[in-house]
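Structure assessment
What follows is each chain in one-letter form.
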Amino acid sequence: MLSEEAKKEIEKALRKYPNKRSAVMDALRSAQKARGGHLEKADMDEIAVILEMQAVEVNAAAAFYTMYNIDKPVGKYHIQVCRNISCSLMGAEHIIKHMERTLNIKTGETTGDKKFTLSTVECLGSCGTAPMMQINDDFHENLDEAKVEEILKGLE
Amino acid sequence: MEKVILKNLGKPDSHKLENYVASGGYKAIQSALKMRPDNIVQMVKDSGLRGRGGAGFSTGLKWSFIPKDPTIQKYLCCNADEGEPGTYKDRGIMDNDPHILLEGMMITSYAIGASVGYIYIRGEFVFGAKRLEAAIDEAYAKGYLGKNIFGSNFSLDIYIHRGYGAYICGEETALLESIEGLRAQPRKKPPFPALAGLYGKPTVINNVETLACIPAIIEKGPEWFSKMGPEKSPGPKIFCVSGHVKKPGLYELPMGTTVRDLIYNHCGGMLTDKPLKAVIPGGVSAPLLTARELDTALDFDSLAAKGSMLGSGAVVVMDESACMVKSAYIINRFFSHESCGKCTPCRDGTPWLTRVLKRIEHGEGRPGDIELLESLCTNIFGRTFCPLGDGAVMALRGHLKNFREEFQFHIDHKRCMAS
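As the structure is a computational prediction, the values presented were derived from the model and not from experiment.

Before going further, it helps to spend a moment on the overall build of chain A. Tallying secondary structure elements over chain A gives seven helices and four strands in all. The order of helices and strands in chain A, counted from the N terminus, is α-α-α-α-β-α-α-β-β-β-α. Here the C-alpha coordinates of chain A stretch approximately 50 × 35 × 25 Å along the principal axes. Going through the 156 residues of chain A one by one, you find that 52% of them count as buried. Restricting to contacts in chain A with at least 6 residues of sequence separation, those with at least 24 account for 59%. Side-chain charges of chain A comprise 21 positive and 25 negative groups, with the mean position of each set lying 2 Å from the other.

Residues and elements named next belong to chain B. With 15 residues, helix H6 (residues 98-112) ought to run about 21 Å at 1.5 Å a step, and its terminal C-alpha atoms sit 21 Å apart, in line with that. Here H6 lies mainly inside the structure; 15 of its 15 residues are buried. Positive phi shows up at Gly-113, right after H6, with a value of about 80°.

Residue and element names in this part refer to chain B. Positionally, Pro-351 belongs in helix H14 (residues 344-361). Classification of Pro-351 by relative accessible area gives partly exposed; the value is 23%. Considering only alpha carbons, one finds Pro-351 and Phe-334, 17 residues apart in sequence, at a separation of 9.7 Å.

On to a nonpolar patch on the surface, then. On the surface, a cluster of nonpolar side chains totalling about 270 Å² of accessible area is made up of Phe-57, Leu-61 and Phe-65 of chain B. Inspection of the secondary structure puts Phe-57 of chain B in the loop between helix H3 (37-47) and helix H4 (59-64).

The next subject is the sheet that holds strand S4 (residues 138-140) of chain A. Across a sheet, strands are paired by hydrogen bonds formed along the backbone, either parallel or antiparallel in direction. Residues and elements named next belong to chain A. Here four strands make up an open sheet; going across it, the order is S2-S1-S3-S4 and the pairing mixed. Only two strands of the sheet have a single partner each, and these edge strands are strand S2 (116-121) and S4. The sheet shows a mean angle of 25° between the axes of neighbouring strands, direction not considered. Relative to strand S3 (residues 133-135), helix H7 (residues 145-153) is tilted by about 5°, and along the sheet it contacts strand S1 (77-82), S2, S3 and S4.

Here we take up the interface of chain B and chain A. Between chain B and chain A, the contact holds 54 residues from the first and 39 residues from the second. In this assembly, chain B and chain A are joined by three salt bridges. When the shortest N-O distance is used, the salt bridge between Glu-93 of chain A and Lys-326 of chain B registers 3.2 Å. There are 22 residue pairs in polar contact (both at pLDDT 80 or more) connecting chain B and chain A. Those elements that provide at least two residues to the side of chain B that touches chain A are strand S2 (116-121), helix H7 (126-142), strand S3 (157-162), helix H8 (172-179), strand S5 (236-243), strand S9 (314-319) and helix H13 (324-338) of chain B.

Within a regular strand, the side chains alternate between the two sheet faces. Residue and element names in this part refer to chain B. Within S5, eight of the eight residues are buried, leaving the element largely enclosed by the surrounding structure. Bridge count for S5 against strand S6 (residues 249-254) is six bridges, and the pairing is antiparallel. When the bridges of S6 are listed, Phe-239 appears paired with Tyr-251. Here S5 hands over to S6 after five residues, the two strands then running antiparallel side by side. Sheet topology note: the S5/S9 ladder contains four bridges and is parallel.

Our focus in this paragraph is the domain arrangement of chain B. Residues and elements named next belong to chain B. Domains assigned within chain B are domain 1 (17-226), domain 2 (236-319) and domain 3 (324-413). Taking the mean C-alpha position of each, domain 2 and domain 3 sit 23 Å from one another. Between domain 2 and domain 3, the contact holds eleven residues from the first and twelve residues from the second. Roughly 960 Å² of surface becomes buried between domain 2 and domain 3 when both sides are summed, with 72% attributable to carbon and sulfur atoms. Counting the surface domain 2 buries against domain 3, the share from its top three residues, Lys-277, Val-284 and Leu-288, is 48%. Scanning the region where domain 2 abuts domain 3 turns up one salt bridge. One salt bridge in this structure joins Glu-406 and Lys-277, with 2.6 Å as the shortest N-O distance. With three residues, the single largest contributor to the side of domain 2 that touches domain 3 is strand S7 (residues 276-280).

Here we take up unusual backbone geometry. Each neighbour pair has its own omega, and for Ala-130 of chain A with Pro-131 of chain A the value is -5°, a cis peptide bond. Along the chain, the position of Pro-131 of chain A falls in the loop between S2 and S3. If you check the backbone angles, Cys-123 of chain A has positive phi at about 80° while not being a glycine. Note that Cys-123 of chain A resides in the loop between S2 and S3. In this structure, Tyr-26 of chain B is a non-glycine residue whose phi angle is positive, near 65°. Tracing the sequence through the fold places Tyr-26 of chain B in the loop between helix H1 (17-22) and helix H2 (28-32).

This paragraph deals with the sheet that holds S5 of chain B. All names here are of chain B. Pairing in this open sheet of five strands is mixed, and the strands run S6-S5-S9-S7-S8 from one edge to the other. Bordering the open sheet on either side are S6 and strand S8 (289-290), each of which pairs with just one other strand. Alignment of S7 against S8, held across two bridges, turns out to be antiparallel. Within S8, the residue paired with Val-279 across the bridge is Leu-289. This element, helix H5 (residues 89-96), spans S5 and S6 of the sheet and lies at about 110° to S5.

All right, on to the packing of H3 of chain B against helix H9 (residues 208-220) of chain B then. Pairs of packed helices are described in terms of their axes, by the angle between the two and the distance that separates them. Residues and elements named next belong to chain B. Their axes nearest at 10 Å, the elements H3 and H9 cross at an angle of 100°. In terms of axis orientation, H3 runs roughly perpendicular to H9. Contacts between H3 and H9 involve Ile-40, Met-43, Val-44 and Ser-47 from the former and Ile-214, Ile-217 and Ile-218 from the latter. Along the lines of polarity and charge, the residues of the contact of H3 with H9 split into six nonpolar, one polar and no charged.

Definitions and cut-offs
Residues numbered from 1 in each chain as written. Chains lettered and ligands numbered in written order. Predicted model: local features only at pLDDT ≥ 70, side-chain atom pairs only at ≥ 80, totals over all residues. Heavy atoms only, no water. Helix = DSSP H or I, 4+ residues; strand = E, 2+ residues; numbered from the N terminus. Buried < 20%, exposed > 50% of the residue type's maximum accessible area, 1.4 Å probe, protein only. Contact = heavy atoms within 4.5 Å. Lys, Arg positive; Asp, Glu negative; His and termini not counted. Charge placed at Lys NZ, Arg CZ, Asp CG, Glu CD. Expected span 1.5 Å × (residues − 1). Patch = residues over 30% accessible without salt bridge, like charges linked within 9 Å, V, L, I, M, F, W, Y side chains within 5 Å. Areas by Shrake-Rupley, 256 points an atom, 1.4 Å probe, with all protein chains shown as cover. Salt bridge = Lys/Arg side-chain N within 4 Å of Asp/Glu carboxyl O. Pairing = 2+ DSSP bridges. Axes fitted to C-alpha atoms, helices over the stretch in contact; angles between N-to-C directions. Polar contact = N/O pair within 3.5 Å; in protein donor to acceptor, adjacent residues only side chain to side chain. Domains from an automatic or database assignment. Buried area = accessible area lost by both parts, 1.4 Å probe. Parallel < 35°, antiparallel > 145°, perpendicular 65-115°, else oblique. Nonpolar A, V, L, I, M, F, W, Y, C, P; charged D, E, K, R; others polar.

Next comes the structure, spelled out in structure tokens:
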């Protein structure tokens, strides 16, 4: 079941558009947030009913966009380290390796306590402050080992 | 030069409406509302403003294609799906001065007769989306948005549509598909969005930086704008510099500033004493320039003449430590990751390029791999539905043209010659 908050957000999203289908991205985002970072089939089926779409259409939309984590639960903190050109030039590989060592997981994995998921991404639009990463909604820029340590320590 | 687009960057609470107004904001829209819409279109045409998203099409001309019939619903979409690696200018505007974008959208909507505007912002820009949302709320509360804005007969609603991780949404018709709740795959053109765009209605799609130029054109006049920089490519431009320079960042300078001036005068020169090796002048699709080409002017036509492009104005600087095979691989990996899957040459061709580049980079290249890359490029370029596949090819060809010996060295010696 979608949370009441998610349903309210979907209601609000519907007011922006002349058709219901347009609200699908906002609806999926709300559902993912409510579930703590991923989507399940039940969420998409429920969204399909609300938006008068076929379930397969909702799934097709969700599967297209990389930020929807379908059936892939993520940790409390989803760490996404940028590895494209500007970040790579400024040492992204080093940051990723350091992160893997510190968290004792490989890229793509979640720690045993479900606290951290480590991913790499291809450019987050923060190239002048490379290397950088995003943890949940927040950007962390001009990274080095010490800064990474400090940021991780600050996450409860 | 006096800044136009980034004039409020760095000022305290520059994102708040009261501060935007105090800096002279929201005057241009009030002047515009007293003009005839077609006069505004003409002003923007006369200014010579060309789209800052990458394509460089005349903004005023784009607006003029919108049908004049007032009974037809029209839309304005702001393309804030900034995603080309190296590019972070639109984020700079939205995070720090969201009202300049809203004012640009108000004037544009009035000029083309749109009563609804959508800002398509990439999903990762959560901070920017929140800033825009707060700015929109402020504008409604003041009567700057909604019914009869600024007491005029013109009404406008602006909404935010958040993307969720797909570079292709920066392609204008894919962006429209995405707002309509579909998989964001580019549409066939024609019909062009000016006639059949969002929900089949006439639609203008403009980049954030393009729209942020509009208030100043109204206030200072088209002649002022057209006199800045090269005649056919005028105006202020934000360059987003990254990579091996001392002071990376956003630099608003006249179009036509040279690469050398940007790097050595504005960005404080190279990061270390290693000499410059290559510069990507306009986002990763743009073929790179070498150290011999630093006097190239950064504008649409000068870069096109060099076989490159201004693109988004993202300048990525690399010193001698950068491996060009690795750079080509990383850039290509981006394109294959972002291919939308609609057409075969891009969907199958870009990952194929990535596989070959990856093995060369990792010392497993085979004789004939460079020729294989070239042949794949030939089979992708110009054969795809949208420019994504072309972008992948242009980037790789730029690397191969200037640094072919590095690729050969990697294949022959199973290691890198740069590091």
